Amino acid sequence: MSGVGLVAAAVILSGCGEEPVIQAKSTKADTAAKAQKAQAAKLAAAAKVKANELGQVPVLMFHRVIEKPATTDDRTPSQFRSDLERLVRDGYVPVTAAEFVTGKIDIPAGKHPVVLTFDDSSPSQLTLDEMGQVKPDTAIAILQDVAAKNPGFRPVATFYVTRDMFGKIGREEQAQTLQWLKANNFDIGNHTRDHLNLRGRPREQVMEQIGSIAQEVGSLAGVKPVTIALPYGNQPSTKEWAARGKFHDTTYKHSGVFLAGYTPSPSPFSKSFEPLGIPRIRAMDKKGDCAQFCSTAWLDWLKSNPDMRYTSDGDVSTVAYPKFKDPFLRTSYKTWSLAY
């Protein structure tokens, strides 16, 4: 073959596979290098904000927001506003109970999640006027106002409903209220039909209490509650009854069961997290027992112990934490791990 033929053959061979193989190897190496660089950047960013997504999360428990409190569980509108403003100052961002238990904690880097929960579906939490607007001084009106004045503070919360349905009796009004919550990104949870203490009750009654309100919420708003808050924080004799069961043709399945305890909750990514018994904190000032075990005291403690608090890396697809905490990561989240 002549010299010209050899050159032509070389060009043909190159076009038939030789050069692409070299390029493929180069591309593969470049991709690996880019991935390594991106991972290093993620680790550096997590370290910079001292991310700790295995830290503790305050789940705050509210009831009525009224001008003249009748019980220690009630908050006045001004107290509730102060509660929220304190959360803003301390760098908290609300997430719903459903987001929390499923690990969808999508908040900015360096911020801390807080779960705002409201029991008993009281009119003081949400009442709509004749035009479908939220009435002033209700919990949602105050939350939305604080969020509007503090960009980044998400106006979301979870409302645990009973058959009272925010004081509405007619199904049309009940549906309007629940659908408003759904349309405005609020979370609807199960609080049993009649707010009965489930401790010691037979399986059939437990499932009737839980399943019947799940049926109503589904019928009125097309929502399946992801979580349940147990009345009085009391679990049935078999814990799983609160999480899974059936009433008539309605099957319920809760990813999280909330109690009424005295501590912040472990991270959902932590081995300490118990989805069938998630503690909440009563929203109260430092008085009596609440000098140690209610919201003001615990928020003070978390602020004084920042290494114990959940701090986000800003990436919902990873679970970032200092390397020494690796033994505390739940096995199911191993592929999400970003240990720096």
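Preceding this paragraph is the structure being described.
Model, not experiment: these values are computed from the prediction. (Residues numbered from 1 in each chain as written. Predicted model: local features only at pLDDT ≥ 70, side-chain atom pairs only at ≥ 80, totals over all residues. Heavy atoms only, no water.)

S.K.: Hey, could you run me through the overall build of the protein in this one?
M.R.: Scanning the protein from N- to C-terminus turns up nine helices and twelve strands. A compact globule built from 340 residues would reach a C-alpha radius of gyration of about 20 Å, whereas the protein, at 26 Å, exceeds it by more than 25%. Across its three principal directions, the C-alpha atoms of the protein cover 100 × 50 × 45 Å. When each of the 340 residues of the protein is scored for burial, the buried share is 47%. Considering only contacts within the protein whose residues lie at least 6 apart along the sequence, 68% involve residues at least 24 apart. Here the protein displays about 16700 Å² of accessible surface, and carbon together with sulfur accounts for 54% of that area. One finds the centroid of the 42 positive side-chain charges in the protein at a distance of 5 Å from the centroid of its 36 negative side-chain charges. (Helix = DSSP H or I, 4+ residues; strand = E, 2+ residues; numbered from the N terminus. Rg over C-alpha atoms; globule rule 2.2 N^0.38 Å. Buried < 20%, exposed > 50% of the residue type's maximum accessible area, 1.4 Å probe, protein only. Contact = heavy atoms within 4.5 Å. Areas by Shrake-Rupley, 256 points an atom, 1.4 Å probe, with all protein chains shown as cover. Lys, Arg positive; Asp, Glu negative; His and termini not counted. Charge placed at Lys NZ, Arg CZ, Asp CG, Glu CD.)

S.K.: I tried to follow helix α4 (residues 139-149) on my own but got confused; where do I start?
M.R.: An α-helix turns once every 3.6 residues. As a result, residues three or four positions apart point the same way. Within the sequence span of α4, burial applies to Ala139, Ile140, Ala141, Ile142, Leu143, Val146 and Ala147. Looking at the packing, one finds that the buried side of α4 touches α2 (77-89), β3 (112-119), β4 (158-161) and α5 (171-183).

S.K.: What is the right way to look at the packing of aromatic side chains in this model?
M.R.: The description of an aromatic ring pair uses the distance of the two centres, along with the angle that the planes make with each other. Counted under the stated rule, the structure contains 15 aromatic pairs. Taking 5.6 Å as the distance between ring centres and 65° as the angle between the ring planes, the aromatic pair formed by Tyr262 and Phe293 counts as edge-to-face. Highlighted residues: Tyr262 in the loop between β9 (256-258) and β10 (281-282) and Phe293 in helix α8 (residues 290-293), separated in sequence by 31 residues. Judged by its relative accessible area of 43%, Tyr262 falls in the partly exposed class. We classify Phe293 as partly exposed; its relative accessible area is 35%. (Phe/Tyr/Trp six-rings, centres within 6.5 Å; stacked < 30°, edge-to-face > 60°.)

S.K.: How should I be thinking about unusual backbone geometry in this particular structure?
M.R.: Note on backbone geometry: most residues besides glycine have negative phi, and most peptide bonds are trans. Of note, the phi angle at Asp120 is positive, near 80°, even though the residue is not glycine. As for its placement among the helices and strands, Asp120 is situated in the loop between β3 and α4.

S.K.: Quick question: what am I supposed to make of the nonpolar core here?
M.R.: For soluble globular proteins, nonpolar side chains are generally found buried alongside one another. Counting residues in hydrophobic clusters, the biggest one holds 42 residues, and the most contacted among them are Leu84, Leu87, Leu116, Leu178 and Leu181. Looking at this core, the elements with two or more residues in it are β1 (59-62), α2, β3, α4, β4, α5, α6 (203-221) and α9 (295-304). No other element matches the seven residues that α4 contributes to this core. For Leu84, the contacting residues outside a window of four places in its chain are Leu116, Ile142, Leu143, Val146 and Phe153. (Core = buried A, V, L, I, M, F, W, Y, C linked by side-chain atoms within 4.5 Å.)

S.K.: What should I look at first to understand the environment of Ala98 in this one?
M.R.: The residue Ala98 is located in helix α3 (residues 97-101) in this model. Given the relative accessible area of 14%, Ala98 is considered buried. Residues within four places of Ala98 in sequence aside, it is in contact with Asp187, Val226 and Thr227.

S.K.: How should the side chain of Thr127 be read in this particular structure?
M.R.: If you trace the backbone, Thr127 turns up in the loop between β3 and α4. Among the residues examined, Thr127 registers a relative accessible area of 15% and is labelled buried. A polar contact of 2.7 Å, which involves the side chain of Thr127, links it to the backbone oxygen of Pro123. Dropping the residues within four chain positions of it, Thr127 is found in contact with Gln133, Val134, Lys135 and Thr138. (Polar contact = N/O pair within 3.5 Å; in protein donor to acceptor, adjacent residues only side chain to side chain.)

S.K.: Explain the pattern of salt bridges to me, please; I cannot follow it from the model alone.
M.R.: For the coordinates displayed, the defined rule picks out 18 salt bridges. Linking Arg154 and Glu99 is a salt bridge whose minimum nitrogen-to-oxygen distance equals 3.0 Å. Placement of the pair is Arg154 in the loop between α4 and β4 and Glu99 in helix α3, with a sequence separation of 55 residues. The partner of Asp119 in a salt bridge is Arg280, and the shortest N-O contact between them spans 2.9 Å. Of this pair, Asp119 sits in strand β3 while Arg280 sits in the loop between β9 and β10, placing them 161 residues apart in sequence. As far as the burial class goes, Asp119 and Arg280 line up, both buried. (Salt bridge = Lys/Arg side-chain N within 4 Å of Asp/Glu carboxyl O.)

S.K.: Please clarify how the pairing of β4 should be interpreted in this entry.
M.R.: Side chains on a regular strand alternate between the two faces of the sheet. The alternating pattern of β4 places Thr158 and Tyr160 on one face and Phe159 and Val161 on the opposite face, and all of these are buried. Two strands pair when backbone bridges link them, and β3 and β4 are joined in this way by three bridges, in the parallel orientation. By the bridge assignment, Thr117 is partnered in β4 with Thr158. The parallel pair β3 and β4, bridged by α4, forms a crossover whose chirality is right-handed. Here β4 pairs with strand β5 (residues 187-190) via four bridges, running parallel. (Pairing = 2+ DSSP bridges. Right-handed = clockwise from strand over helix to strand, strands pointing away.)

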